[in-house]
Amino acid sequence: MSIKQAGLSRRDALKLASAAGLAGVAMVYPGRRAFAGLKETTLLVTENRITIDGDSFPAITMGGGVPGPTLYWREGEEVLVHVENRLSEPTSIHWHGLLLEGVMDGAPGFNAYSAIGPGESFTYRIKLRQSGTYWYHSHSGGQEQRGMYGAIVIAPATPDPVKADRDHVLLLSDHTADHPDHILRKLKVSEGYYNRGKRTLSDLSADIDRDGLAAAWKDRRDWGDMRMDPTDLADVTGYRFLVNGKGIADNWTTLFKPGERLRLRIINGSAMSIFDVAIPGLAMIVVAADGQNVLPVKVDEFRIGVGETYDVIVLPTEDRAYTLMAEPIDRSGYARATLAPREGMQGEIPPLRPRTLLTMADMGMHGDHGGMDHGSMDHSTMDHGAMDHSSMDHAAMGHAMPMTPAAQEGPPRGWEQAGTPPGKRALRYADLKAFSRNPEATVPTTEIILRLTGIMERYIWTLNGHKFDHGDPIRVRYGERVRLRFINTTMMAHPMHLHGMFFELENGQTDRMPRKHVVIVPPGKEASVVLTANEPGDWPLHCHLLFHMNAGMMTRFIVDPPATPARS
Ligand SMILES: [Cu+2]
């Protein structure tokens, strides 16, 4: 672990204290009541100013900076986090990916948890039942976007199967000086407000050259009918993209000695941005997804949805600097970090890859479908040839990206096309195999269908056609084995996140389905997961795009408490 960049953190202070034989936090913070065997952390939530690439911005900070401090914990520990709200508005902290008691989950309005009022404090108490890379963030309004996010690294109780000489968190985020409430208002006025990548007439002529007049115009007309832009991969642009709170000029850097093994814990803590991540010249071995170990898979790049995490091992052998590039899928900019053998070095920055265009094929629509009601996007009228669950082509799901892009002129077309350079390999969900075999072989007894829906022109994002708390919640029995089928009827990818539990991604694996808490459901496609409902509670299930969630793309996933055996 490099202490270099972080300065002497509280954790380091604790480590030093324990190395010096000083047991317990009471020695470090005299006067605070010590809980035997508990690890305590205090997070002050305050308004503060932060500096990115030399520019100063207001922010909401946890512990004074953005991101908040990385919390280094150990599996089996019980942790106490005292959160003191020094804002003039309510706040909350949610522990993303952690298994915990419902009231400690930190989502206001769920599990009898309420937001922490101005001037108030709340103590979270979590007994850590897992290890890996996670993060924490506000679950109130747009506060996450304003700086309330930080990383969590939980060391396993048993020796870590992943060996590394150095271990770093790379927390990706998107920053704007615009207030989140203002952004949402603008989005509601016009869905295209932020979409500056609109296609122009000259684009049309290029399409006509390639596809012929009829096809080009037909595609246009279809898009027009749906009131969506074919470039709507992301609906908010104008962000700058950060690694560990650092901009492109700040250039977050870490050092290595050639031949060392580096573990990079990459977290997508952005509000709205899905990234393609690569380190040109360096292969990455993916060893964990969403905090859970997977069988190692070597790739050149991966796509990371909002709320997802990937741990990778890299083995730089050359005496040169490398650039980690994270390009948002709308290619409106990039975040970078540098891995270098010495201070002051930087790697080459490759040109941004072209922006992918979505096509009607992303909606599973081929040929004439003139009678279709685009306004309601009724699932039953869609072409489900490729969506039959039983025969679903899992390789084509989610991250399916061919090793080389199809030979074609112009920008890549279709969600799956990341513009991966020829001969390079992009991670697909189908590549993820759980490190340990799935304990559950039980076939799901219940299938729950969740349609991802929206009325884009009014910026209403919904589940099964209902805004949050306007439709029925999902309710399952304790211990029930359920399948959740997400059917995306919209033109955007939605990273769907479940609190309180892991699910197993149905990615074509049989007994090694990866355990995740976020699944990207691509535009017009579907994804399915299975889970055993063994965490009683009233859990949020939502799209992790901040403005989609705030617009209503959220529901309750209620797991009834276990039945109490009748007394005799
Ligand atoms: Cu969404």
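*Asks:* How would you sum up the side chain of Asn 85? Please name residues and give values.
*Replies:* Topologically, Asn 85 is positioned in strand β4 (residues 78-85). Accessibility expressed as a relative area gives 1% for Asn 85, which makes it buried. Among the polar contacts listed, one links the side chain of Asn 85 to the backbone oxygen of Glu 89, at a separation of 2.9 Å. A polar contact of 2.9 Å, which involves the side chain of Asn 85, links it to the backbone oxygen of Ile 116.

*Asks:* Which residues make up the coordination of the copper ion, and what values do they have?
*Replies:* Taken together, His 494 (ND1), Cys 543 (SG) and His 548 (ND1) make up the protein donors of the copper ion, found 2.0 to 2.2 Å from the metal. Taken in chain order, the donor set of the copper ion reads H-x48-C-x4-H. On the criterion of sequence distance, the pair formed by His 494 in strand β24 (residues 494-498) and His 548 in helix α5 (residues 546-551) is long-range, its members being 54 residues apart. Take His 494 and His 548: they sit in the same class, and that class is buried.

*Asks:* How would you sum up the sheet that holds strand β17 (residues 309-314)? Please name residues and give values.
*Replies:* One open sheet accounts for six strands, arranged β10-β9-β12-β17-β14-β15; its pairing is mixed. On the outer flanks of this sheet lie β10 (240-243) and β15 (292-299), each paired with one strand and no other. Going across the sheet, the axis of each strand differs from the next one's by a mean of 25°, ignoring polarity. With six bridges connecting them, strand β12 (residues 262-268) and β17 associate as antiparallel partners. What sits directly across from Leu 262, in β17, is Val 314.

*Asks:* With reference to specific residues and values, describe empty space enclosed by the protein.
*Replies:* Empty space left among the atoms is revealed by rolling a probe the size of a water molecule over them. Under the counting rule described, the total for this entry stands at two cavities of 30 Å³ or more. Considering only enclosed or pocket space, the second largest cavity measures out at about 30 Å³ in volume. Taken together, Ile 50, Ala 59, Val 66, Gln 145, Arg 146, Gly 147, Tyr 149, Asp 174 and His 175 form the lining of the second largest cavity. Among the residues making up the lining of the second largest cavity, the classes are represented as four nonpolar, three polar and two charged.

*Asks:* Give a description of the sheet that holds strand β11 (residues 252-255) that names residues and reports values.
*Replies:* Spatially, β11-β19-β18-β13-β16 is the arrangement adopted by the five strands of the open sheet, whose pairing is mixed. Two strands in the sheet have a free side with no partner beyond their single neighbour: β11 and β16 (301-304). Across this sheet, the average inter-strand angle for adjacent strands is 20°, counted without regard to direction. Looking at chain direction, β11 and strand β19 (residues 335-340) are connected through four bridges and run parallel.

Conventions adopted
- Residues numbered from 1 in each chain as written.
- Predicted model: local features only at pLDDT ≥ 70, side-chain atom pairs only at ≥ 80, totals over all residues.
- Heavy atoms only, no water.
- Helix = DSSP H or I, 4+ residues; strand = E, 2+ residues; numbered from the N terminus.
- Buried < 20%, exposed > 50% of the residue type's maximum accessible area, 1.4 Å probe, protein only.
- Polar contact = N/O pair within 3.5 Å; in protein donor to acceptor, adjacent residues only side chain to side chain.
- Donors = N, O, S within 2.8 Å, 3.2 Å for Na, K, Ca; no water.
- Pairing = 2+ DSSP bridges.
- Axes fitted to C-alpha atoms, helices over the stretch in contact; angles between N-to-C directions.
- 1 Å grid on protein atoms, 1.4 Å probe; cavity = no way out; pocket = protein on both sides within 12 Å on 5 of 7 lines; lining within 4 Å.
- Points joined across faces, edges and corners; volume = space filled by probe spheres on them.
- Nonpolar A, V, L, I, M, F, W, Y, C, P; charged D, E, K, R; others polar.

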